[in-house]
Amino acid sequence: MSSAERVERVILAVDLGTGGPKVGFVSLDGTVLWSDLITVSTEYGPDGSATQDADLWWEIIRDATKRGLAESGVRGEQVAGVSITGQWASTIPVDAEGRPVGPCVMWMDTRGAPYSRKAFGGRVAGYRPRVLLSWFRRNGGAPSPSGDDPIGHMLYLQHGDPAGFAATRWLLEPVDYLGMRFTGRAAASRASMMGSWLTNNRDLSVLDYDDVLVRLAGVDRAKLPPLVPTGSIIGPVAPSVAAELGISPAAQVVTGTPDLHSAAVGSGAVRQGELHLTISTTSWISCPVVFKKTDAFHQLASVAGLDPTSYLLVNNQDTAGRALQWLRDTVFDDLDYDALTAVAAGAPAGSNGVIFTPWLKGEHSPIDDRRARGGFHNLSLATTRADLVRAVLEGVAYNSRWLLESVNRFTPNAGPIRIVGGGARSDLWCQIIADVTGRTCERVADPLNAQLRGAALFAGIGMGYVHRDELRDLIPLDGVFEPVAANHEVYDRLFAEFPGLYKTQKGMFGRLNR
């Protein structure tokens, strides 16, 4: 496809984060022509409840699409495709028409814990040994006894809300729910369903749920959406939806992808061993790999990748940008993020010895402990505001280095780390990550929209307009951050204490956060 044709063809991209939907128009040369983020609140309730209104997501996306056409100058007939990315491991119960019959059970909702523990819980890392072995042999990962994943959600709905469950036709991931709202067709992929751990990943050519794993999970197979190949076209936008939104009825909807996958594409790090690091609400370090493997001790696994024949490394650190948001909201509510990082720049590397541990909502990787909690360490009467803010940025970077050590053991990787996500807009934070890890970091241009761009280019690949080998050249950079030797030496000394802070406090976390 010529450059002119790529500019002319536009993808309606939706990035459904935990904080709300971001809607944008992206041309197939990777240019974000227009975007807007609309926030949505999470409703927290008793017994670990955390939900959002999935109908509200659709209303926001519908209105934003119409507004974007009016404001961007994009013509409806230019919209050649629709691509959806975003949060995963949340669950929406819908009827046969794709309308929610209850709220979205969010990825942090733990009401399913009693049912998960009953189904497969035990004494070996929280599992019955034979059950755990079956999951690892077939899939490479396993659902959590903590209940905060799709299996826990499904079991909660099945046993804790029987009336709602009876009205449910499909149990859908957020990206697949939106795909059904656009097309009227229920469909999922190995990638979108990776958080359920229900597919046999030993043989990626088998496109089906695994009977043994479904039985061990205790979920209702009839309510699982049909699987289609990752990156394939689900179908055209439903005529009524196209007319309502003002886009072409010929626009093709591509299978939804988790934010992990769109971040990989949006970073351009799509060859084996090429790392990308995301600093958004949460954080992760990932790269494409060619093998199925699991590190259960550090919560790393290879899952269905960017196409039906490859894998992608998955892990997650639960609090990254959210830690800075917490600091702003609770201590510095008079400052925006730019002002906050400007304050941090007033402290030296190492924050005068202050260490922040960012486990404000527990942790997944490289330690799996939902009871872990964050804290400031080594404070003194001389500690300043600048020390506190910089310590938060450094604490997230220490956590990334801790995870990177496990990633380095999991798979060979070389070269620079591509950085994406809202937190990457800060030059200071990018430099801190480079200094702490000792690795060159390349920031993707407009890192806040990297996943939106990645979703659009992923659609371009699925529709045959873009080749995967072209992606690295289609992703521009706007900053390269080399480690500063003197700073790295300071951080080496402080990081040496970081893992130990968890180990010495683990018992306290367990006692205080039952």
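Residues numbered from 1 in each chain as written. Predicted model: local features only at pLDDT ≥ 70, side-chain atom pairs only at ≥ 80, totals over all residues. Heavy atoms only, no water.

Our next topic: the UniProt feature "domain: Carbohydrate kinase FGGY C-terminal" (unreviewed entry) in the protein chain. As recorded in UniProt, the feature "domain: Carbohydrate kinase FGGY C-terminal" (unreviewed entry) lies at residues 305-462. Its end C-alpha atoms 14 Å apart, residues 305-462 is made of 43% helix and 11% strand. (UniProt positions renumbered as here; feature names shortened; annotations may be inferred. Helix = DSSP H or I, 4+ residues; strand = E, 2+ residues; numbered from the N terminus.)

We now examine the sheet that holds strand β16 (residues 288-289). In space, the four strands of this open sheet follow the order β16-β19-β18-β17, with antiparallel pairing throughout. The open sheet terminates on both sides in strands that have one partner only, identified here as β16 and β17 (294-295). Summarising the sheet, strand β18 (residues 300-304) and strand β19 (residues 311-314) pair through four bridges and their orientation is antiparallel. Its bridge partner lying in β19, A301 is registered against V314. Strand contacts of helix α10 (residues 259-267): β18 and β19, with the helix running at about 110° to β19, the strand carrying the most contacts. (Pairing = 2+ DSSP bridges. Contact = heavy atoms within 4.5 Å. Axes fitted to C-alpha atoms, helices over the stretch in contact; angles between N-to-C directions.)

This next bit is on the UniProt feature "domain: Carbohydrate kinase FGGY N-terminal" (unreviewed entry) in the protein chain. UniProt records the feature "domain: Carbohydrate kinase FGGY N-terminal" (unreviewed entry) for residues 10-266 in the present numbering. Counted over residues 10-266, helix gives 33% and strand 22%. Its end C-alpha atoms are 16 Å apart.

Moving on, we get to unusual backbone geometry. Note that the residue after S365, namely P366, is joined by a cis bond; omega there is 5°. When you line up the elements, P366 lands in the loop between β20 (355-357) and β21 (375-377). Even without glycine at this site, N352 takes up a positive phi of about 55°. With respect to the helices, strands and loops of the structure, N352 is situated in the loop between α12 (337-344) and β20.

A few words on the sheet that holds strand β23 (residues 441-444). Within a sheet, neighbouring strands are paired by backbone hydrogen bonds and run either parallel or antiparallel to one another. Strand order in the open sheet formed by five strands is β15-β14-β22-β23-β24, with mixed pairing between adjacent strands. Looking at which strands have only one partner, the edges of the open sheet turn out to be β15 (283-286) and β24 (477-481). On average, each strand axis in the sheet is tilted by 20° relative to the strand beside it, whichever way the strands run. Of the pairings in the sheet, the one linking strand β22 (residues 417-420) to β23 comprises three bridges and is parallel in character. Within the sheet, the bridge partner assigned to R418 lies in β23 and is E442. With respect to the sheet, α10 is in contact with β14 (276-279), β15, β22 and β23, its orientation differing from that of β14 by roughly 120°.

To continue, consider the pattern of salt bridges. A side chain with one charge can pair with a side chain of the opposite charge if their charged atoms come near. Counted under the stated rule, the structure contains 21 salt bridges. A salt bridge links D148 to R370, with the shortest nitrogen-to-oxygen separation between them at 2.8 Å. Taken together, the residues D148 in the loop between α4 (129-138) and α5 (150-160) and R370 in the loop between β20 and β21 connect sequence positions 222 residues apart. Put simply, E394 and R390 hold a salt bridge, and the shortest N to O gap is 2.9 Å. (Salt bridge = Lys/Arg side-chain N within 4 Å of Asp/Glu carboxyl O.)

In this structure the tally under the stated criterion is one cavity of 30 Å³ or more. Reported here for the largest cavity is a volume of approximately 30 Å³. (1 Å grid on protein atoms, 1.4 Å probe; cavity = no way out; pocket = protein on both sides within 12 Å on 5 of 7 lines; lining within 4 Å. Points joined across faces, edges and corners; volume = space filled by probe spheres on them.)

Below, the discussion takes up the pairing of β18. Most of β18 is tucked away, with five of its five residues classed as buried. As paired strands, β17 and β18 are joined by two bridges and run antiparallel to one another. Considered in β18, the bridge of D295 is made with L300. The hairpin formed by β17 and β18 contains four residues between the paired strands, and Q299 there has a positive phi angle of roughly 60°. The turn joining β18 and β19, which pair antiparallel and follow one another in sequence, is formed by six residues. (Buried < 20%, exposed > 50% of the residue type's maximum accessible area, 1.4 Å probe, protein only.)

Before going further, it helps to examine the pairing of strand β3 (residues 32-37). Judged from the five bridges that link them, strand β2 (residues 20-27) and β3 form a sheet pairing that is antiparallel. By the bridge assignment, K22 is partnered in β3 with L37. The hairpin formed by β2 and β3 contains four residues between the paired strands, and G30 there has a positive phi angle of roughly 90°.

To continue, consider the state of the cysteines. On inspection of all chains with the given rule, the structure shows zero disulfides. The thiol of C441 is unpaired, and the distance to the nearest cysteine sulfur, on C430, comes to 7.1 Å. Judged by its relative accessible area of 0%, C441 falls in the buried class. (Disulfide = S-S within 2.5 Å.)

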